[in-house]
Amino acid sequence: MTITPFEALACPIDGSVLKLKGRSWQCDAGHSFDIARQGYVHLLPVQNKRSKDPGDNKEMVAARKRFLAAGFYEPIAEAVSQAVFHETHCEAAMACMDAGCGEGYYMRYLAEKMPDAARLAMLGLDISKWAILSAAKQDKTPAWVVGSNANLPVLPETLDCILCLFGFPVYREFARVLRPGGEIVQVDAGPDHLIELRNIIYPELKEPRQPPSDAPEGFTAVDTSAVRFSLTLPDKQSVSDLLAMTPHLYRAGAEGLARVAELESLTVTVEATVKRFKKN
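A brief structural summary. All residue numbers here refer to positions counted from 1 along the written sequence of the relevant chain. With pLDDT at 70 or above as the cut-off, local features in this predicted model cover only qualifying residues; side-chain atom pairs require 80 or more to be listed or tallied, and sums for whole chains, interfaces and linings still use all residues. Neither water nor hydrogens contribute to the side-chain values; these are computed over all heavy atoms in the structure.

1. A look at the pairing of strand 12 (residues 266-279)
Here is the key point about a regular strand: its side chains alternate between the two faces of the sheet.
Then comes step 1: Counting buried residues along strand 12, eleven of its 14 residues qualify, which places the element largely inside the surrounding structure.
Then comes step 2: In this analysis, strands are considered paired if DSSP registers two or more bridges between them. Put simply, DSSP H or I for four residues or longer makes a helix, DSSP E for two residues or longer makes a strand, and each gets a number counted from the N terminus. The pairing of strand 10 (residues 178-189) with strand 12 spans seven bridges and is antiparallel. Bridge pairing links Gln-186 to Lys-275 in strand 12.
Then comes step 3: With 14 bridges joining them, strand 11 (residues 219-233) and strand 12 adopt antiparallel strand pairing. Looking at the pairing, Thr-224 lines up with Lys-275 of strand 12. Partly exposed residues are those whose accessible area sits between 20% and 50% of the maximum for their type, while under 20% is buried and over 50% is exposed, using a 1.4 Å probe and protein chains only.

2. Concerning helix 3 (residues 105-113)
Then comes step 1: Counting buried positions along helix 3 gives seven out of nine residues, so the element sits mostly inside the fold.
Then comes step 2: Taken together, the buried positions of helix 3 are Tyr-105, Tyr-106, Met-107, Arg-108, Tyr-109, Leu-110 and Ala-111.

3. Points about the nonpolar core
Then comes step 1: By size, the foremost hydrophobic cluster in this structure holds 58 residues, and its most contacted members are Phe-67, Tyr-73, Ile-76, Val-84, Leu-163 and Leu-231.
Then comes step 2: Each residue touching Phe-67, except ones within four places of it in the same chain, is listed here: Phe-72, Tyr-73, Leu-231, Leu-233, Ser-238, Asp-241, Leu-242 and Met-245.
Then comes step 3: In this description, a nonpolar core means a group of buried Ala, Val, Leu, Ile, Met, Phe, Trp, Tyr and Cys residues linked to one another through side-chain atoms lying within 4.5 Å. Counting residues in each nonpolar core, the second largest holds 32 residues, with Trp-25, Ala-121, Leu-125 and Val-177 among its members. Contacts are assigned to residue pairs with any non-hydrogen atoms lying within 4.5 Å of each other.

4. Thoughts on helix 1 (residues 58-69)
Then comes step 1: Here, expected helix span is obtained from the residue count minus one, scaled by 1.5 Å. Compared with an ideal rise of 1.5 Å per residue, which puts twelve residues at 16 Å, helix 1 spans 16 Å between its outermost C-alpha atoms and is within 8% of the ideal.
Then comes step 2: All of the buried residues along helix 1 are Met-60, Val-61, Ala-63, Arg-64, Phe-67 and Leu-68. All buried residues of helix 1 project into a common sector of 160° when viewed along the axis, lining one side. Those residues of helix 1 that are exposed and angled more than 90 degrees off the buried face are Lys-58, Glu-59 and Ala-69.
Then comes step 3: Tucked inside the fold, the buried residues of helix 1 contact helix 3, helix 4 (129-138), strand 11, helix 7 (236-244) and helix 8 (248-251).
Then comes step 4: The backbone nitrogen of Glu-59 has a side-chain oxygen 3.1 Å away, supplied by the residue at the start of helix 1, namely Asn-57.
Then comes step 5: Phi turns positive, to about 85°, at Gly-71, one or two residues after helix 1. Directions from the helix axis toward the C-beta atoms define the arc. N or O atoms within 3.5 Å of each other form a polar contact, as long as, within protein, one can give a hydrogen and the other can take it, and as long as residues adjacent in sequence are counted only when both atoms are side-chain atoms.

5. As for the pattern of salt bridges
Then comes step 1: In what follows, salt bridge is the name for a side-chain nitrogen of Lys or Arg lying within 4 Å of a carboxyl oxygen of Asp or Glu. A full pass over the atoms with the stated rule returns 13 salt bridges.
Then comes step 2: Asp-160 is paired through a salt bridge with Arg-179; the nearest N and O atoms lie 2.8 Å apart. Within this pair, whereas Asp-160 is found in strand 9 (residues 159-165), its partner Arg-179 is found in strand 10, the two being separated by 19 residues in sequence.
Then comes step 3: Since its relative accessible area comes to 32%, Arg-179 is described here as partly exposed.
Then comes step 4: Residue Glu-173 is joined to Arg-172 by a salt bridge in which the shortest nitrogen-to-oxygen separation is 3.9 Å.
Then comes step 5: Salt bridges here are not isolated pairs; linked through shared partners, they connect Arg-172, Glu-173 and Arg-176.

Purely spatial values, then, with no claim about function.
Here's what the structure looks like:
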């Protein structure tokens, strides 16, 4: 079992090869990106930001870290691990990126579950600098990068697997950086995901948006599996942390948020769909 940082990074400005020189990544055109003392590199140019501080803020990242560290979503992490390390990949050398890695929980779980014969080069990427900072503090082995799925700072056809977990897939970029035969492991919320929480927050539930059933252009659907279980959150903190991990924190009105704040505990349904897509 060997884990290394992924190094086939591309300049986010001109797309050329980045080379590690001392404590910075540099391209031949002279663009240079310093490695922070915590070990991550910021590859999201200012002109590509949609806001001053995009992605999850510091408080949301802390909530996600507490929630995931408590093991509440371990069945999802286990399903992702099984989807990555299927029969083809059990003894292979792989380069894997978590696109929207948050504070790195799923990457760390993957590293713990990888087969003894496997070799894994790991890249965690997120648009939130707070998420990447948290990830880098917890595990120094993978490459941690602040970047965007819309313009991945990755060289073409250098990845074998991309995780996109409750995230925002950009399939044209995923296709560009995956090798032929490379796979996307995608997790989406099912129709009943957190329905008890949603019933408390909203006066009326809308039909949840469902991801397309067809494979994205340039890919073939390989496998689909479901993860569904009942989860009891035992205290106010865990309920608050779950809410902070979801878009409902911003979509809900003041009355709905107030009702959640009064809860001493909560039992919710967790439902997710795990899909594998292979690049043609």
